[in-house]
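Okay, here's what each chain looks like letter by letter:
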Protein chains: 4
Amino acid sequence: MYSFANDYSEGCAAPILEALVKHNYEQSVGYGLDDHCKNAAALIRKEIGRDDLDVHFIPGGTPANILGIVSALKPYEAVICADSGHINVHETGSIEATGHKILSAPGVNGKITPAEIEDFCVNRMEEHTVYPKMVFVSDATEYGTIYTKKELSDIAAMCKKHGLYLYLDGARIGSALVAKGNDMTLADIAELTDMFYIGGTKNGALLGEAMVIRNEELKKGFRYHLKQRGAMLAKGAVMGIAFEELFKDGLYFRLAKNANLMAMSLKEIFKRYDIPFFMETTTNQIFPILPDTLLKKIEEKYTVTFWEKYDETHSVVRFVCSWATQKEALIDFYKDFSQMVKENDR
Amino acid sequence: MYSFANDYSEGCAAPILEALVKHNYEQSVGYGLDDHCKNAAALIRKEIGRDDLDVHFIPGGTPANILGIVSALKPYEAVICADSGHINVHETGSIEATGHKILSAPGVNGKITPAEIEDFCVNRMEEHTVYPKMVFVSDATEYGTIYTKKELSDIAAMCKKHGLYLYLDGARIGSALVAKGNDMTLADIAELTDMFYIGGTKNGALLGEAMVIRNEELKKGFRYHLKQRGAMLAKGAVMGIAFEELFKDGLYFRLAKNANLMAMSLKEIFKRYDIPFFMETTTNQIFPILPDTLLKKIEEKYTVTFWEKYDETHSVVRFVCSWATQKEALIDFYKDFSQMVKENDR
Amino acid sequence: MYSFANDYSEGCAAPILEALVKHNYEQSVGYGLDDHCKNAAALIRKEIGRDDLDVHFIPGGTPANILGIVSALKPYEAVICADSGHINVHETGSIEATGHKILSAPGVNGKITPAEIEDFCVNRMEEHTVYPKMVFVSDATEYGTIYTKKELSDIAAMCKKHGLYLYLDGARIGSALVAKGNDMTLADIAELTDMFYIGGTKNGALLGEAMVIRNEELKKGFRYHLKQRGAMLAKGAVMGIAFEELFKDGLYFRLAKNANLMAMSLKEIFKRYDIPFFMETTTNQIFPILPDTLLKKIEEKYTVTFWEKYDETHSVVRFVCSWATQKEALIDFYKDFSQMVKENDR
Amino acid sequence: MYSFANDYSEGCAAPILEALVKHNYEQSVGYGLDDHCKNAAALIRKEIGRDDLDVHFIPGGTPANILGIVSALKPYEAVICADSGHINVHETGSIEATGHKILSAPGVNGKITPAEIEDFCVNRMEEHTVYPKMVFVSDATEYGTIYTKKELSDIAAMCKKHGLYLYLDGARIGSALVAKGNDMTLADIAELTDMFYIGGTKNGALLGEAMVIRNEELKKGFRYHLKQRGAMLAKGAVMGIAFEELFKDGLYFRLAKNANLMAMSLKEIFKRYDIPFFMETTTNQIFPILPDTLLKKIEEKYTVTFWEKYDETHSVVRFVCSWATQKEALIDFYKDFSQMVKENDR
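This structure is a prediction, so every number in the text was calculated from the model and none was measured.

Student: Please clarify how the overall build of chain A should be interpreted in this entry.
Tutor: Across its full length, chain A carries 13 helices and 13 strands. Its C-alpha atoms give chain A a radius of gyration of 21 Å, within 12% of the compact-globule value 20 Å for 346 residues. Projecting the C-alpha coordinates of chain A onto the three principal axes gives extents of approximately 65 × 55 × 35 Å. Per-residue burial over chain A gives 67% buried out of 346 residues. Across chain A, every contact between residues at least 6 apart in sequence was considered, and the portion connecting residues at least 24 apart equals 72%. When the accessible surface of chain A is summed, it comes to about 12500 Å², and 51% of that surface belongs to carbon and sulfur atoms. Computed over 39 positive and 48 negative side-chain charges, the separation of the two mean positions in chain A equals 3 Å.

Student: Would you mind going over helix H13 (residues 327-345) of chain B with me for this structure?
Tutor: Side chains of residues three or four places apart in an α-helix project in the same direction, reflecting 3.6 residues per turn. Residues and elements named next belong to chain B. An ideal rise of 1.5 Å per residue puts 27 Å on 19 residues; H13 measures up with 27 Å between its terminal C-alpha atoms. Among all positions of H13, only Ala329, Leu330, Phe333, Asp336, Phe337, Ser338, Met340 and Val341 are buried. Along its buried surface, H13 packs onto strand E1 (2-3), helix H11 (251-272), helix H12 (292-301), strand E11 (302-303) and strand E13 (314-320).

Student: How should I be thinking about the sheet that holds strand E8 (residues 209-213) of chain D in this particular structure?
Tutor: By definition, the strands of a sheet pair up through backbone hydrogen bonds, in either a parallel or an antiparallel sense. Residue and element names in this part refer to chain D. Taken together, the seven strands give an open sheet; going across it, the order is E2-E8-E7-E6-E5-E3-E4, and neighbouring strands pair in mixed fashion. Each edge of the sheet is formed by a strand with only one pairing partner; in this case those strands are strand E2 (54-58) and strand E4 (102-105). Going from strand to strand, the sheet's axes swing by 25° on average, the running direction of each strand aside. Sitting on the sheet, helix H2 (residues 35-48) touches E2, strand E7 (195-199) and E8, and the angle it makes with E2 is about 125°. Each of strand E5 (131-138) and strand E6 (165-169) touches helix H7 (residues 149-162); the most contacted strand, E6, lies at about 145° to it.

Student: Quick question: what am I supposed to make of the relation of the copies chain B and chain A here?
Tutor: Between the two chain copies there is a screw-like relation: a rotation about an axis and a shift along it. Each copy superposes on the other: chain B lies on chain A with an RMSD of 0.0 Å after a rotation of 180° and an axial shift of 0.0 Å. Taken together, the turn and the small shift mark the pair as related by a two-fold rotation axis.

Student: Honestly, the packing of aromatic side chains in this entry has me stumped. Any pointers?
Tutor: To describe a pair of aromatic rings, you give the distance between the ring centres and the angle between the ring planes. Going through the model one piece at a time under the given rule, you end up with 100 aromatic pairs over all chains. Here the aromatic cluster, defined as three or more aromatic residues joined through ring pairs, consists of Tyr2, Phe4, Phe270, Tyr273, Phe277, Tyr302, Phe319, Phe333 and Phe337 of chain A. Stacked on the ring of Tyr147 of chain D, the Lys or Arg Lys111 of chain D has its end atom at 5.7 Å from the ring centre.

Student: Can you walk me through the interface of chain B and chain A in this structure?
Tutor: The figure often quoted for interface size is the accessible area lost as the parts come together. In this complex, chain B contributes 44 residues to the contact, which on the side of chain A involves 45 residues. A combined buried area of about 3800 Å² lies between chain B and chain A, and 56% of that area is made up of carbon and sulfur atoms. Our count for the contact surface shared by chain B and chain A stands at zero salt bridges. Between chain B and chain A we count 20 residue pairs in polar contact (both at pLDDT 80 or more) in total. Secondary-structure elements contributing two or more residues to the side of chain B that touches chain A are E1, helix H1 (14-22), helix H3 (61-70) and helix H9 (222-228) of chain B. In the side of chain B that touches chain A, the residues fall into 22 nonpolar, 16 polar and six charged.

Student: What should I look at first to understand the interface of chain A and chain D in this one?
Tutor: Contacts between the two partners involve 24 residues from chain A and, on the opposite side, 24 residues from chain D. When the buried surface of chain A facing chain D is broken down by residue, Tyr76, Glu127 and Tyr224 of chain A rank first, second and third, together holding 43% of it. On inspection of chain A and its partner chain D, the count reaches two salt bridges. On the surface where chain A and chain D come into contact, there are eight residue pairs in polar contact (both at pLDDT 80 or more). In terms of residue count, the dominant contributor to the side of chain A that touches chain D is helix H9 (residues 222-228) of chain A (five residues). Tallied by class, residues from the side of chain A that touches chain D come to ten nonpolar, six polar and eight charged.

Student: Sorry if this is basic, but what is going on with the relation of the copies chain A and chain D here?
Tutor: For the pair chain A and chain D, the superposition axis carries a translation of 0.0 Å, the fit reaches an RMSD of 0.0 Å, and the rotation angle comes to 180°. Mapped onto chain D, 100% of the interface residues of chain A are again interface residues, and the two copies thus contact each other with one and the same surface.

Student: Looking at this structure, I do not really get the pairing of strand E6 (residues 165-169) of chain C. What am I missing?
Tutor: Along a regular strand, successive side chains alternate from one face of the sheet to the other. All names here are of chain C. In terms of burial, E6 is largely enclosed, as five of its five residues are buried. Residue alternation in E6 divides its side chains into two sets, Tyr165, Tyr167 and Asp169 and Leu166 and Leu168, and both sets are buried. Examined bridge by bridge, strand E5 (residues 131-138) and E6 share five bridges and lie parallel to one another. In the sheet register, Met134 faces E6, and the bridge partner there is Tyr165. Taking the sense of rotation as the criterion, the β-α-β connection linking E5, helix H6 (residues 149-162) and E6 turns out right-handed.

Student: Even after reading the chapter, I still don't get the pattern of salt bridges, so can you show me in this structure?
Tutor: Side-chain pairing between opposite charges can occur once the charged atoms of the two side chains come close. In the structure shown here, the tally under the stated rule is 68 salt bridges over all chains. Shared partners join several salt bridges into a network, and the residues in it are Arg50, Asp52 and Glu191 of chain A.

Student: It is not clear to me how helix H3 (residues 61-70) of chain D should be interpreted in this structure. Could you clarify?
Tutor: Burial runs high along H3 of chain D: nine of the ten residues are buried. Considered for burial, the residues of H3 of chain D that qualify are Thr62, Pro63, Ala64, Asn65, Ile66, Leu67, Gly68, Ile69 and Val70 of chain D.

Student: Help me understand the side chain of Glu96 of chain C in this model?
Tutor: Of note, Glu96 of chain C is situated in the loop between helix H4 (86-89) and strand E4 (102-105). Taking the relative accessible area as the measure of exposure, Glu96 of chain C reaches 2% and is therefore buried. Filtering out sequence-adjacent residues up to four positions away, Glu96 of chain C remains in contact with Glu96, Gly99, His100 and Lys101 of chain A together with Ile102 of chain C.

Student: When you look at the environment of Phe337 of chain B in this model, what are you seeing that I'm missing?
Tutor: Of note, Phe337 of chain B is situated in helix H13. For Phe337 of chain B and Ser265 of chain B, which are 72 residues apart along the polypeptide, the C-alpha to C-alpha distance reads 14 Å.

Student: I tried to follow the packing of helix H11 (residues 237-248) of chain D against helix H12 (residues 251-272) of chain D on my own but got confused; where do I start?
Tutor: Relative orientation and spacing of two packed helices are given, respectively, by the angle between their axes and the distance between those axes. Residue and element names in this part refer to chain D. Where H11 contacts H12, the axes come no closer than 5 Å and their chain directions differ by 80°. The angle between H11 and H12 places the two elements in the roughly perpendicular class. Contact residues: Glu245, Leu246 and Phe247 in H11; Leu251, Tyr252, Phe253 and Leu255 in H12. Broken down by class, the residue content of the contact of H11 with H12 amounts to six nonpolar, no polar and one charged.

Student: Is there a simple way to think about the pairing of E5 of chain C in this case?
Tutor: Residues and elements named next belong to chain C. Buried residues dominate E5, accounting for eight of its eight residues. Bridging between strand E3 (residues 77-82) and E5 involves four bridges; their strand directions are parallel. For Ile80, the partnering residue across the bridge sits in E5 and is Val135.

Student: I'm lost on the sheet that holds strand E3 (residues 77-82) of chain A in this one. Help?
Tutor: Residues and elements named next belong to chain A. Ordered in space as E2-E8-E7-E6-E5-E3-E4, the seven strands form an open sheet in which the pairing is mixed. Each of the sheet's edge strands pairs with one partner strand only, and the pair in question is strand E2 (54-58) and strand E4 (102-105). Each strand of the sheet is rotated relative to its neighbour by a mean of 25°, with strand direction disregarded.

Student: Can you help me understand the side chain of Glu10 of chain B in this one?
Tutor: By the secondary structure assignment, Glu10 of chain B is in the loop between E1 and H1. This buried residue, Glu10 of chain B, is left without a salt bridge; Lys235 of chain A holds the nearest opposite charge, at 6.9 Å. Within the structure, the side chain of Glu10 of chain B is placed 3.1 Å from the side chain of Gln27 of chain A, a separation counted as a polar contact. Leave out the neighbours within four places in its chain, and Glu10 of chain B touches Asn24, Tyr25, Glu26, Gln27 and Lys235 of chain A together with Ser322, Trp323 and Ala324 of chain B.

Student: Please clarify how the packing of helix H12 (residues 292-301) of chain C against helix H13 (residues 327-345) of chain C should be interpreted in this entry.
Tutor: Residue and element names in this part refer to chain C. Interhelical geometry of H12 versus H13 gives an angle of 145° and a closest axis separation of 10 Å. The hand of the H12/H13 crossing is right-handed. Contacts between H12 and H13 involve Thr293, Leu294, Lys297, Ile298 and Lys301 on the former and, on the latter, Phe333, Asp336, Phe337, Met340, Val341, Glu343 and Asn344. Residue composition of the contact of H12 with H13, grouped by class: six nonpolar, two polar and four charged.

Student: Would you take a moment to explain the environment of Tyr310 of chain D for this structure?
Tutor: Residues and elements named next belong to chain D. Along the chain, Tyr310 turns up in strand E12 (residues 305-311). Distance from Tyr310 to Lys160, taken between C-alpha atoms, is 38 Å for residues 150 residues apart in sequence. Apart from residues lying up to four places away in sequence, Tyr310 is in contact with Phe278, Ile289, Ser315 and Val316.

Student: What should I look at first to understand unusual backbone geometry in this one?
Tutor: If a residue is not glycine, its phi is most likely negative; likewise, a peptide bond is most likely trans. For the bond running from Asp139 of chain A to Ala140 of chain A, omega is -10°, close enough to zero to count as cis. If you check the backbone angles, Thr92 of chain A has positive phi at about 50° while not being a glycine. Along the polypeptide, Thr92 of chain A turns up in the loop between helix H4 (86-89) and E4. The buried category is assigned to Thr92 of chain A, whose relative accessible area is 0%. Although it is not a glycine, Asn109 of chain C adopts a positive phi angle of roughly 55°.

Criteria and cut-off values
Numbers given for residues are sequential positions, taken from 1 along each chain in its written order. Each chain is given a letter, starting from A, and each ligand a number, starting from 1, according to the order in which they appear as written. This being a predicted model, a pLDDT of at least 70 is required before a residue's local features are given, and a value of 80 or more before pairs of side-chain atoms are given or counted; all residues contribute to the totals for chains, interfaces and linings. In computing side-chain properties, one takes all heavy atoms of the structure into account and sets aside hydrogens as well as water. Each helix is a run of DSSP H or I of at least 4 residues and each strand a run of E of at least 2, with the numbering of both proceeding from the N terminus. Both definitions apply: the radius of gyration is a C-alpha atom measure, and the globule rule equals 2.2 Å times residues to the power 0.38. Residue exposure (1.4 Å probe, protein chains only): buried if accessible area is under 20% of the type maximum, exposed if over 50%, otherwise partly exposed. Contacts are assigned to residue pairs with any non-hydrogen atoms lying within 4.5 Å of each other. Computed with a 1.4 Å probe, the accessible areas rest on the Shrake-Rupley method; for each residue, only the protein chains presented here act as cover. Under the counting rule used here, the positive set is Lys and Arg, the negative set is Asp and Glu, and His together with the chain ends is not counted. Every charge is mapped onto a representative atom, which is NZ of Lys, CZ of Arg, CG of Asp or CD of Glu. Each residue after the first adds 1.5 Å to the expected span of a helix. DSSP calls a pair of strands paired once it identifies at least 2 bridges connecting them. The convention used is that axes are lines fitted to C-alpha atoms, helices contributing only their stretch in contact, and that angles between N-to-C directions extend from 0 to 180 degrees. The least-squares superposition of copies is restricted to C-alpha atoms, and to residues with a pLDDT of at least 70 in both copies. In this analysis, rings of Phe, Tyr and Trp, with Trp reduced to its six-membered ring, are considered paired at centre separations within 6.5 Å, and the interplanar angle assigns stacked below 30 degrees, edge-to-face beyond 60, and tilted for intermediate values. Sitting over a ring, as applied to charges here, requires NZ of Lys or CZ of Arg to be within 6 Å of the ring centre and within 35 degrees of the ring normal. Buried area is a sum: the accessible area each of two parts loses on coming together, probed at 1.4 Å, counted once for each and added. For this document, the term salt bridge refers to a Lys or Arg side-chain nitrogen within 4 Å of an Asp or Glu carboxyl oxygen. Definition of a polar contact: a pair of N or O atoms within 3.5 Å, with one able to donate and the other able to accept a hydrogen when the atoms are protein atoms, and with sequence-neighbouring residues admitted only if both atoms are side-chain atoms. Classification used: nonpolar for Ala, Val, Leu, Ile, Met, Phe, Trp, Tyr, Cys and Pro, charged for Asp, Glu, Lys and Arg, polar for all others including Gly. If you view a crossover with the strands going away from you and the path from the first strand over the helix to the second runs clockwise, you call it right-handed. Small angles under 35 degrees read as roughly parallel and large ones over 145 as roughly antiparallel, with 65 to 115 read as roughly perpendicular and the rest as oblique. Two helices cross in a left-handed way if the nearer one is turned anticlockwise from the farther one by less than a right angle. They cross in a right-handed way if the turn is clockwise.

Fair warning: the whole summary comes from geometry, so function is off the table for now.
Here it is, written out as structure tokens:
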């Protein structure tokens, strides 16, 4: 069984693995205060091109989102996101478990719109309802789509208008920033948001996300939150080492490019057989709409993710490629798929 | 600078590192459901000698304690521990952040006593006070001391008498179980407690603690809590691989033995200079009482942990050895220390 | 200015006021353990016709809902309600503040449907999402509509099918149970739900709601929750005295009948001028759709609640009548309204 | 059975009852925004002699303490109090339920000391422990003792030194301010603290505490917290009416004087029989140490509160007098007690 189920199936990218081996017997101070973490933070600031950013390393995406939100909001303040937002659907109520309501709206292609944001704010000064104070976006989104600079700028402008913080979940920010159609850089994202994280887990690290805080108001006390929510790793250097490698010479983006390239190649395979797509994406996730009979055959040899029923006889299926996906896997899949289609058509 | 500050300064034990390298490009399902985690859990059950145990892997000690407590208690229920309990002092209020009160008592040498536990329970049926429902102990304790089988059995009996769960924080359980004076096995601990964790981070893993749940009542829904509190690692196999190595042929205990042996050797060095100890320990932590002038000299070459003032001119200092501490480091320290004592005596 | 803004504008019904005066200098034990509370609970059990019900008095609707939910759910469990549910919109995130997610669906006329409930449950066994465990309904709903016995039975059956608790917010249960079209009794509601509350504040009490718990699982520890959430009133007898009066000879339903009768009379006034309604109701809330120009005139003499814009030139407006609304007020309103319509038509 | 168990056994003081009757059929806007609440707030500001105070009415002492703390602290911040502090012992973990740790110290006579406060602060800048940010005191304390102006000023100075908020629980502030030995006014308390509440429930109101906020930082968003925690009463006017009466011509202090006078008279009775006291108090609570045999006799005719065992044969017992205690009750008690002592001495 080969898996296209996600982008965290394998361990870590070779240079990270080598660095872990190389530094294994070094002594580091714990809890993210070591030299690797410091150096990694410096490299991230350099990549972004500004030195007023706080950087913290967090073991995973869910704790990163918990921390981004809980460190910013007062108890009665709420966070706005698209209905499909990861925090709204796939984190087992982790935000609510810290006491905050999520206000969600349909969005378009997984993206919240400025108008939806404004709707939540217009009648906001009333103590019988929560007070919206933050917008949560993901880039790439949960549907594999990306924000253009114009879209994110419009959201940022709306946030400014209503005094909202803008937080970006960058679990797949690498894939987004090297995708066809993207016109943003990390620097743009740092400029437009108050806080965001650069995902490591889904782009070649063994674990770890780099939280980047630009807004001065949100910097204070972050390490207290980190510890309190159980997200301060004793051996923080493991994450520092990974992000040093990822950002010292562009590895982060090279890995993401491989993921996208593989996904786009996979897309081509489906297109040759006129398979339609649920959502047009240019990142490392694609969503073909497959006949259920064909899906069943695929599932005998490949692990993929059933997304939702499309109609009586078809399903939306998610295929994910990653830094670790190799051409050979696609060649094999192409052969298998061709055969399966043929059988299915009989 | 050489560090005796803690037992998580280095990366991981060699066999674990090798296994991580070996399995790096394997595909695993995420979130702790992979074969390495399953196999590691099986090895732990085998080590303990019973097959009715649920095993979950958690990135660190603080999230393990959060989960052990939050998964067991109703909102108005409280956990009892010694004043020095890690959850009471060094986890930034992480337990209270989940809504639960900690009831603490002085204890003896870092160990809560059955009488103290009973005190909290006798007048318990009154809704104006929290309802004590769990006892938290650490073995080894925060002072490096250990529980005897009699002591833990007495606590377990008191818990049974008052309907309390017994939870054991085993961040340093390896060191405790191979310490001079210990008369318990993992099997005893599994028998006497309702839930406990086997610490990996402080005994040779890159990260990870293995939560072991014996009490049927506490098994249900644990993975929901794991996800909700941000402690379900996407690449859970990293921890599975570590625990496979640790438990497949006794590595866990061999590593702990090295930590204790090194600490006891260090103790000998201090004893030769008639340095007294704050607490008599047989595990990998020792607490010499040093003249402040001497401590100052030591701190020029070694990283150690100031524990507390002993008197006007002396301090209690913590030295920790680990699986990674080598004889050579002790030889160097012996030389340096002898010289420092000489200079200090002038 | 006369107010049709709500049903809690005045103090309390005359017999309650008299009883408060009468018992003022009696000594009572505190915290809801007094004889008035006990007697009131007994009267409620008698009204319902079963003796297996726990009854607790709570100062208001928001704390009642907090308690109903927090006492029943585990941290990762969620409550389902209609989008318009009071807990979802008008309680400032009080449920999320206790850690629980609310899952909402559009509903029909303010009422959640069995199909919507089932949708949340079908894929429920997955730890990456919250686990739905309770359904929240209001009768009368936030739109003044009511559940038929068939509707509530269908919901209860769906809850049973999926192991969900059914909780009913009865802030306006009096008005619902005496409304035209209602075919339920308090006994039916106690039978069909696991827990519900009988609203006092909006039906003639100075304050207080009577929480009725039928499901044995949900009874344990309720008073602990009551105290912990700050909802255990020292002088609980104030509420006990009110509910004694309300339930000793049918006062509760007589008060509700007045509220409905007055609202239906008010509706007649609007109908004479062909004013349409946003929602067809038979309880004490009505929702005429008024020309904005006419609304402006009304607001000069009457306090009413703007509900939402209907179109460019019309608004939905809420008028509420209560136990305290008197015929004279309607006669005055009729005169004023006729005049305003006339002026508006010029 | 006559009760000396507490100061909230009866309903409310006569002028409040009369005002409730008088205003019963008035219409008020809900949720504490009515004219009675506004006027009561103005009267309190006038009594204190400053107009920069926010005043909110809250149904009880536990919700008042929850709100005072939760509205001021960030998640990782903690509140310091004496071991005997009401929030630490008698509120069922309500503060922890909002996520905050309580740091407690022994104190002296129920009063925290500046040195104890400083101890918690000196090593505070470390993210592995909670960050103390508030001090909680009660005046009168849970032991019936009071703070002198010097004592409270010293605490306030220590708070200022370490950037802590000072919060005062004034459930029995009336009794404290008219007690022998008191040298403070409400104005002093408003000056020295950041926030405090004036207790109504224990001094003649049917329910209600008046939260007074002086520190500008703590004013923002308070009504959101009020609603979110379920403490915003729909018929807020009930509390506004009470505080209007209490503060329009000194009723508040006259009621408190009666409570103290009665308690001091009761003390005299015990002194005549050489009964010693556990704690020297001048407020409305006294703590005689009674032979258990004598206590048993008393309990046949009077409700009192067992406080704690003093020795093998004696107990500390709490007697409370109130605004409602009448001379006649003391005369009866004197007779009964004399007789009981006589019988007991046989």
